[in-house]
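Given next are the chains, with one letter for each unit.
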Amino acid sequence: MTEHATVPLRLRGMGAFHVGGRDVELSGLPVREHLMAEGGQPVRIDPNGRYVVEQMYAQYSLADPDAGRLPLLLWHGGGMTGATWETTPDGRPGWLHEFLRRGRDVYLCDAVERGRSGFAPVPHVWPEAPVIQTPADIFTRFRIGTRDPATGALRPFADTQFPVAAFDALARQMVPRWTTTDPAVLAGYLALLERTGPAVIVCHSQAGVFALRAAHARPDLVRADIALEPASIPMLDTSTHAYDVPTLVLLGDHIDTDARWPRMADRIRTFANAHAAVDILSLPDIGMHGNSHMLMMDRNSLAIAARVSDWLIQKGV
């Protein structure tokens, strides 16, 4: 735990807003009656008409004192919401609090189709049902530990930094996610950047694709990317301009225990070798062992945040 965890948290302002979205019109759908509340009277529901869909929710917290540095935009991973960056599952201050204490304004988002951003009619607007993950899935895929194939028992890695006793609190954060809404998600994030102006993106897992695309498309607005274990590296068209936004990719431990992650690590290294602006920080390589996919929740999360803060300052952002 860093000294910043004990500094009283002060704000000069806070609030929230929605950005982006589009209108859609539905017609030809049957009208029905529906009981909306226990003991109430049936309500006539006409699903035809105009809907506002694919808007994105953002909550801002403004640091006091203000260190005069660029704000951070915190973008969560798949099946998650902005809660990723708030209080950790075991009750410690999250990265939202840590970077506010370091004098950074912070914008915390629920991406399009998550949490407070709302949803669209399925299958009339979004054609598929969402993906929902079981706790056992995320325990192994987030590299907290392994699952016994015979008994189904979950076994944490001996050196895991994830607070295993609070795993159920992480499982309660998981929400439905779609696999067909990437263009809408990226549009929401770009609308947020237009609203905030120049900023640093801190992204996790699925959001890595959106952060890298946003940085390549709008280097005037994205001044740096911090990518915590991006789940994919997009194919960027560099025929017109190179990818030159300062980018730090962080990797945790036990990469070789999941079939996808060694391949992803190879893609990340290929991306870094192709673009001089990209740095990789492999935590095991610097003696920080046992980190899961949930770096911002692990027990040493504030020490990782300190490394990120130092890198940003070195880059002048």
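For the structure, see preceding data.
The sections below set out a description of the structure shown in this document.

The next subject is unusual backbone geometry. Going from D64 to P65, the amide bond is cis rather than trans, its omega being 5°. A cis amide bond, omega 5°, links V122 with the succeeding residue P123. One non-glycine residue, E113, adopts positive backbone phi at about 70°. Tracing the backbone shows E113 in the loop between β6 (106-110) and α2 (135-141). You can call E113 buried: its relative accessible area is 1%.

A separate point is the sheet that holds strand β4 (residues 49-63). Read across the open sheet, the eight strands follow the order β1-β4-β6-β5-β9-β10-β11-β12; overall the sheet is mixed. Edge strands, defined here as strands with exactly one partner in the open sheet, are β1 (11-26) and β12 (278-282). The average angle at which neighbouring strand axes cross in this sheet is 20°, direction not considered. Sheet topology places strand β11 (residues 247-251) next to β12; five bridges connect them, and they run parallel. Each bridged residue has a counterpart across the sheet, and for V249 the counterpart in β12 is I280. Contacting β1, β4, β5 (72-75), β6, β9 (199-204) and β10 (222-228), helix α4 (residues 182-196) runs over the sheet at an angle of about 140° to β1. Taken strand by strand, helix α5 (residues 207-217) contacts β5, β9, β10 and β11, and its axis lies near 155° from that of β9.

Now for the pairing of β11. Most of β11 sits inside the fold, with five of its five residues counted as buried. Of the two faces of β11, the one carrying T247, V249 and L251 and the one carrying L248 and L250 are both buried. As for the winding sense of the linkage, the β-α-β connection from β11 through helix α6 (residues 260-274) to β12 is right-handed.

A word on the environment of E86. Residue placement: E86 occurs in the loop between β5 and α1 (95-101). With relative accessibility at 24%, the residue E86 sits in the partly exposed group. Dropping the residues within four chain positions of it, E86 is found in contact with Q59, G94, L96, H97 and L108.

As a further point, take the packing of α4 against α5. In contact at an axis separation of 10 Å, α4 and α5 are set at 55° when each is read in the N-to-C sense. In terms of axis orientation, α4 runs oblique to α5. Taken as a pair, α4 and α5 cross one another with a handedness that is right-handed. Here α4 contributes D182, V185, L186, Y189, L190 and L193 to the contact with α5, which in turn contributes F210, R213 and A214. Tallied by class, residues from the contact of α4 with α5 come to seven nonpolar, no polar and two charged.

Further remarks concern the pattern of salt bridges. Following the criterion strictly, the structure yields 16 salt bridges and no others. Between R102 and E98 there is a salt bridge; the shortest N-O distance is 3.1 Å. Accessibility assignment for this pair places R102 and E98 in one class, buried.

This part covers the side chain of T84. Tracing the sequence through the fold places T84 in the loop between β5 and α1. The class of T84 is buried, set by a relative accessible area of 2%. Engagement of the side chain of T84 in a polar contact is seen with the backbone oxygen of T81, the distance being 3.0 Å.

Basis of the calculations
Residues numbered from 1 in each chain as written. Predicted model: local features only at pLDDT ≥ 70, side-chain atom pairs only at ≥ 80, totals over all residues. Heavy atoms only, no water. Helix = DSSP H or I, 4+ residues; strand = E, 2+ residues; numbered from the N terminus. Buried < 20%, exposed > 50% of the residue type's maximum accessible area, 1.4 Å probe, protein only. Pairing = 2+ DSSP bridges. Axes fitted to C-alpha atoms, helices over the stretch in contact; angles between N-to-C directions. Contact = heavy atoms within 4.5 Å. Right-handed = clockwise from strand over helix to strand, strands pointing away. Parallel < 35°, antiparallel > 145°, perpendicular 65-115°, else oblique. Left-handed = near helix turned anticlockwise from the far one by under 90°. Nonpolar A, V, L, I, M, F, W, Y, C, P; charged D, E, K, R; others polar. Salt bridge = Lys/Arg side-chain N within 4 Å of Asp/Glu carboxyl O. Polar contact = N/O pair within 3.5 Å; in protein donor to acceptor, adjacent residues only side chain to side chain.

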